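Report on the structure
Spelled out, the chains give:
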Amino acid sequence: MSSNANTNLANKKGPPKKESILELAKLMDATVRVKCLGGRELQGTLRGYDELVNVVLDDCEEFLRHSDDQEKVTEKTRKLGLVVVRGTQVSLVSPQDGVEEIANPFLAEDEEDEE
């Protein structure tokens, strides 16, 4: 290979880096709710994160599941303290302030079909 070919390879840059669509910087030091792939839901103060969406939560609480139906999350919590959640397990990070539950529009259709 000629030295000119080596120079061309060195000058070529890889694909442009994609910017993260996550704006977790806005949520730093705010209370957030994190939903994980296994169904766990956590709430705590966001203290840090990285590009892999590993998150650090302080004063973290885990929402416990209903004893009869493991799919349902109750309002009962247990304190965990300082927690690091691996990004591979994170499915949702949302601010706690301004979040409200809405009715499922598809649930009404199912109930009407049963009658």
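Whatever comes next refers back to the structure up there.
The text that follows walks through the structure, step by step, so that each part is easy to find. Owing to the predicted nature of the structure, the values given are computational and were not obtained by experimental measurement.

1. Remarks on the overall build of the protein
Regarding its fold elements, the protein presents two helices and five strands. Of the regular secondary structure in the protein, the N- to C-terminal order runs α-β-β-β-β-β-α. Out of the 115 residues belonging to the protein, those deemed buried represent 23%. When the accessible area of the protein is evaluated, it comes to approximately 9400 Å², of which 50% is carbon and sulfur surface.

2. A closer look at the layout of surface pockets
Empty space within the largest pocket amounts to approximately 340 Å³. Together, Arg33, Lys35, Glu41, Val73, Glu75, Leu92, Ser94, Pro95, Gln96, Val99, Glu100 and Glu101 line the largest pocket. Secondary-structure elements contributing two or more residues to the lining of the largest pocket are β1 (31-36), β4 (73-85) and β5 (90-95). In terms of residue count, the dominant contributor to the lining of the largest pocket is β5 (three residues).

3. Points about the state of the cysteines
Each disulfide consists of a covalent bond between the sulfur atoms of two cysteine residues. In total, this model carries zero disulfides according to the counting rule given. Distance from the sulfur of Cys36, which forms no disulfide, to the nearest cysteine sulfur (Cys60) is 8.7 Å. Relative accessible area serves as the criterion here: at 13%, Cys36 is assigned to the buried category. Overall, the relative accessible area of 1% leaves Cys60 in the buried class.

4. Topic: the pairing of strand β2 (residues 41-49)
The buried count for β2 comes to seven of nine residues, which makes it a mostly enclosed element. In sequence, β1 turns back onto β2 through a hairpin of four residues, with Gly39 there showing a positive phi of about 105°. In this structure, β2 lies alongside strand β3 (residues 55-65), joined through seven bridges in antiparallel fashion. Looking at the pairing, Leu46 lines up with Leu57 of β3. Counting the residues in the hairpin turn of β2 and β3 gives five residues, including Val53, whose phi is positive at 65°.

5. Focus: the sheet that holds β5
Spatial strand order, β4-β3-β2-β1-β5: five strands in an open sheet with antiparallel pairing. Two strands lie at the open edges of the sheet, namely β4 and β5, each paired on one side alone. Geometrically, the sheet is characterised by an average inter-axis angle of 30° between neighbouring strands, direction not taken into account.

6. Remarks on the packing of aromatic side chains
In this structure the tally under the stated criterion is zero aromatic pairs. One Lys or Arg, Arg33, reaches over the ring of Phe63 and ends 3.8 Å from the middle of that ring.

7. Some details on the side chain of Ser94
Looking at the element boundaries, Ser94 is found in strand β5. Residues in contact with Ser94, not counting those within four places in the same chain, are Val32 and Arg33.

8. Here's the deal with the environment of Asp29
Structurally, Asp29 is set in the loop between α1 (3-11) and β1. Taking C-alpha positions, Asp29 is 9.3 Å from Gly44, a pair spaced 15 residues apart along the chain. With residues near it in sequence (within four places) discarded, Asp29 still touches Thr45, Leu46 and Arg47. At a separation of 2.8 Å, a polar atom in the side chain of Asp29 contacts the side chain of Arg47.

Rules behind the numbers
- Residues numbered from 1 in each chain as written.
- Predicted model: local features only at pLDDT ≥ 70, side-chain atom pairs only at ≥ 80, totals over all residues.
- Heavy atoms only, no water.
- Helix = DSSP H or I, 4+ residues; strand = E, 2+ residues; numbered from the N terminus.
- Buried < 20%, exposed > 50% of the residue type's maximum accessible area, 1.4 Å probe, protein only.
- Areas by Shrake-Rupley, 256 points an atom, 1.4 Å probe, with all protein chains shown as cover.
- 1 Å grid on protein atoms, 1.4 Å probe; cavity = no way out; pocket = protein on both sides within 12 Å on 5 of 7 lines; lining within 4 Å.
- Points joined across faces, edges and corners; volume = space filled by probe spheres on them.
- Disulfide = S-S within 2.5 Å.
- Pairing = 2+ DSSP bridges.
- Axes fitted to C-alpha atoms, helices over the stretch in contact; angles between N-to-C directions.
- Phe/Tyr/Trp six-rings, centres within 6.5 Å; stacked < 30°, edge-to-face > 60°.
- Lys NZ or Arg CZ within 6 Å of the ring centre and 35° of its normal.
- Contact = heavy atoms within 4.5 Å.
- Polar contact = N/O pair within 3.5 Å; in protein donor to acceptor, adjacent residues only side chain to side chain.

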